[in-house]
Amino acid sequence: MDHLSLEKPTMPDTLRPLGNFPPNLWGDRFSSFTLDTQLLEKYSKEVEVLKEEVKDMLVLDQDDVGGGKSGAEKMVLIDALERLGVSYLFQKEIEELLENMFPKFEEYSHVFHDNLFMVSLHFRVFRQHGYDLSSDAFERFTDSNGEFKETISSDVMGMLSLYEATFLKTHGEDILDKAFCFTKAGLESLKPQYLSSNLAEQVTHALYQPLQRGIPRVEARHYISVYEKDASKNEKLLRLAKIDFNRVQMLHKEELYHISRWWKEWDLRSHIPYVRDRAVECFFYSTAVCFEPQYSLARLVLTKTMIMISVLDDTYDAYGTYEELKCFTNAVQRWDMNAIDQLTNYMKPIYKALLNVHDEFYQEIMAKKEINYSVQYLEEAYKEVVRCYDVETEWLKKGYVQKMEEYLANALVTITSPLLTTAAFVGMGEIATLEAFQWLQSQPRILMACSTIFRVINDIQSSKTEDERSHMATGVECYMKQHGVSRPEAISDLLKIIENAWIDINEEMMRPTMISRDLVIRILNFACLYGVVYKYSDGYTQPECAKNSIIALYEDSISI
């Protein structure tokens, strides 16, 4: 990318809605790194050896395909591989196994008919892979009134397994609503001193962060330490998980180094010091969406797109004046470097950077001999976001508070989930077909649900700070005005909207999906990312929220 050669502008002395964002946490911490190629090669070779040994463990006996004890053992193995973060190495084998096992579940489940842990495990894993196992499987644990039997409360592993399974529910599954309330209350009432330290840790963690809604890489890092203390652990699986984590971490650290150098050399913040400096966090988010080694280009495109859209968001939200933003909106719609002349001085580096980053993506994709029409979809997504930003500036100028329907029609675009999903797809190679991009443009239900989660939870958290400065009404204010309710009542109702969106996602993940399942999973990962980052505060604005996870993923390797 060309360095920004424009003169550093003096910032105009104009009254602006400044965000006063917290500073960057990292400095130059990730700006130097030398890849130890010998260690990487050593790790890679051992991963290949262990991979072949684990593959053998995934093969069902031909005379007992999907049957009885063998089926239960395989399900435990699949779950361990997934929670340890290495199931991507066995995608084909796991899919074949589940495809064999699912039709035979009724036949072989008699072996563990009264085993709450095992029934819940099968339900969760099947549903995670899009197999719609009926929740009727849990009726055996209820009494004549349809309530869960108190006798299962003493089965802590079973209760924990059922609790995690409830997060895969679809609309109208009352039995899973009851299961959630029953298990949550039961697990919260447990006295840690009566449990093994490892089980107590698992219960505490699950109540804080349910597996289905966690960031896969963060959850894998945590589970490796849990699994290590499990008396029934498989040593080969544990070693594979540790070595592969360190191997992938090395690859991620090298990518983060390049991103950090790029951001530093770009030097955009010297031109626009008002923006949030979150390059490291953006890379962390891209890892949350697609951590697998083969998706390096997806992480590159997604990270740079996140950084760029953050700059635009802060410019529209926390710096630009009405007249300046109008000019910028028009320039983006033209998408032509000649349009730079119509912009005020401080906006010129932003516009130049936007077009240059886009050219980078074209070059990266062409270098890999990939199809390049995908970048055109990203350009159109940028234009749409900026048009919707412009609508918000109009609303702010007029002091207009919208009804929720009108607000969301615009806000589900400005939250940038459609743009960021497009960016992820751009870097994912040949599986991101023309049909996949057209599907994204059709506003599919799962994408709208993901955007709803991001938008609403963002509004709930950011409304705490945005009330302190000139800002368009958030969804919280829109809802309060439309329904005549207090802020706590509005937030309570909005949390129900979020929960409903999660259930929509669960339904849309069922087979068959409209496009490659490997693509659709990225939308689920985005939803999990948003849910984690904004759980207790505006985690993007407040970088401390992700600090420990970033250190765990990119600094602290696992002892082997």
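Conventions and cut-offs
- Residues numbered from 1 in each chain as written.
- Predicted model: local features only at pLDDT ≥ 70, side-chain atom pairs only at ≥ 80, totals over all residues.
- Heavy atoms only, no water.
- Helix = DSSP H or I, 4+ residues; strand = E, 2+ residues; numbered from the N terminus.
- Rg over C-alpha atoms; globule rule 2.2 N^0.38 Å.
- Buried < 20%, exposed > 50% of the residue type's maximum accessible area, 1.4 Å probe, protein only.
- Salt bridge = Lys/Arg side-chain N within 4 Å of Asp/Glu carboxyl O.
- Core = buried A, V, L, I, M, F, W, Y, C linked by side-chain atoms within 4.5 Å.
- Contact = heavy atoms within 4.5 Å.
- Expected span 1.5 Å × (residues − 1).
- pLDDT = per-residue confidence, 0-100.
- Phe/Tyr/Trp six-rings, centres within 6.5 Å; stacked < 30°, edge-to-face > 60°.
- Axes fitted to C-alpha atoms, helices over the stretch in contact; angles between N-to-C directions.
- Parallel < 35°, antiparallel > 145°, perpendicular 65-115°, else oblique.
- Left-handed = near helix turned anticlockwise from the far one by under 90°.
- Nonpolar A, V, L, I, M, F, W, Y, C, P; charged D, E, K, R; others polar.
- Polar contact = N/O pair within 3.5 Å; in protein donor to acceptor, adjacent residues only side chain to side chain.

Before going further, it helps to examine the overall build of the protein. Each helix and strand in the protein was counted, giving 23 helices and 0 strands. For a compact globule of 560 residues, the expected C-alpha radius of gyration is about 24 Å, and the protein comes in at 25 Å, within 12% of that figure. Each principal axis of the C-alpha atoms in the protein carries an extent, and together these give about 75 × 65 × 45 Å. For the protein, with 560 residues in total, the buried portion stands at 57%.

Counted by the stated rule, this structure contains 38 salt bridges. Ionic pairing is found between K236 and E53, a salt bridge with its closest N-O pair at 3.4 Å. A residue pair is termed long-range when its members are at least 10 positions apart, and K236 in helix α10 (residues 235-266) and E53 in helix α1 (residues 37-57) qualify at 183 residues. What makes K236 partly exposed here is its relative accessible area of 38%. R127 is the partner of D132 in a salt bridge, and the nearest nitrogen-oxygen pair spans 3.1 Å. Overlapping salt bridges bring together R445, D504, E507 and E508 as one network.

Quick look at the nonpolar core now. Of all hydrophobic cores here, the largest spans 191 residues; its most connected members are F138, I505 and F526. With 13 residues, the top contributor of residues to this core is α10. Sequence-distant contacts of F138, defined by excluding residues within four places in its chain, comprise V119, S120, F123, F148, L162, A165, I175 and L176.

Turning our attention to helix α21 (residues 487-508). Its 22 residues place the ends of α21 31 Å apart at the C-alpha level, agreeing with the 32 Å of an ideal helix rising 1.5 Å per residue. Along α21, the positions that sit buried rather than exposed are A490, L494, I498, A501, W502, I503, D504, I505 and N506.

Regions with low pLDDT carry predicted coordinates that are not meant to be interpreted in detail. Here the protein averages 93 in pLDDT, and 94% of its residues register 70 or above. The low-confidence segment residues 1-12 (pLDDT under 50) makes 36 contacts with residues lying over four places distant or belonging to another chain.

To continue, consider the environment of F361. Relative to the helices and strands, F361 is located in helix α14 (residues 348-367). The sequence separation of F361 and F138 amounts to 223 residues, and the corresponding C-alpha distance is 49 Å. Among all residues touching F361, those that are not within four sequence positions of it are L300, V301, K304, T305, V375 and L378.

This paragraph deals with helix α16 (residues 404-414). Counting along an α-helix, one turn takes 3.6 residues, and residues three or four places apart therefore face a common direction. Across the 11 residues that make up α16, a large majority, 8, are buried. Within the sequence span of α16, burial applies to M404, Y407, L408, N410, A411, L412, V413 and T414.

Here we take up the side chain of T422. Checked against the element boundaries, T422 lands in helix α17 (residues 417-426). Residues contacting T422, with those up to four places away along its chain left out, are Y377, L378, A381, F437 and L440.

With that settled, consider the packing of aromatic side chains. Under the criterion given, the structure shown has 36 aromatic pairs. Ring geometry for Y108 against F112: centres 5.9 Å apart, planes inclined by 70°, an arrangement best described as edge-to-face. A relative accessible area of 2% means that Y108 is categorised as buried. Residue class for F112 comes out buried when judged on its relative accessible area of 5%. Ring geometry for Y163 versus F180: centroids 6.0 Å apart, planes at 20°, classification stacked. Of the two residues, Y163 is situated in helix α6 (residues 156-165) and F180 in helix α7 (residues 174-188); the sequence distance between them amounts to 17 residues. Residue classification places F180 among the partly exposed positions, given a relative accessible area of 25%.

Let us now look at the packing of helix α12 (residues 296-318) against α14. Two elements in contact, α12 and α14, have axes separated by 11 Å at closest approach and are oriented at 165°. Between α12 and α14, the angle is such that the two are roughly antiparallel. Considering only the axes of α12 and α14, their crossing is left-handed. Residue-level inspection shows L297, L300, V301, K304, T305, M308, V311, L312 and T315 of α12 in contact with α14, the latter providing I350, A353, L354, V357, E360, F361, E364 and I365. For the contact of α12 with α14, the per-class residue count stands at 12 nonpolar, 2 polar and 3 charged.

A word on the environment of D459. If you trace the backbone, D459 turns up in helix α19 (residues 445-466). A relative accessible area of 3% means that D459 is categorised as buried. Those residues in contact with D459 that sit more than four places away from it in its chain are Y407, T474, G475 and V476. Here the side chain of D459 touches G475 through a polar contact of 2.9 Å, landing on its backbone nitrogen.

Before going further, it helps to examine unusual backbone geometry. Cis geometry marks the peptide bond from R511 to P512; its omega dihedral reads -5°. Relative to the helices and strands, P512 is located in the loop between α21 and α22 (517-533). In this structure, T416 is a non-glycine residue whose phi angle is positive, near 75°. Although it is not a glycine, Q443 adopts a positive phi angle of roughly 55°. Assignment of secondary structure puts Q443 in the loop between α18 (434-441) and α19.

Remark: helix α9 (residues 216-228) packs on α10, axes separated minimally by 11 Å, with the N-to-C direction vectors making an angle of 145°. Relative to α10, the crossing made by α9 is left-handed. Contacts from R217, R221, I224, Y227 and E228 of α9 reach α10 at L237, L238, A241, K242, D244, F245, V248 and H252. For the contact of α9 with α10, a count of residues per class yields 7 nonpolar, 1 polar and 5 charged.

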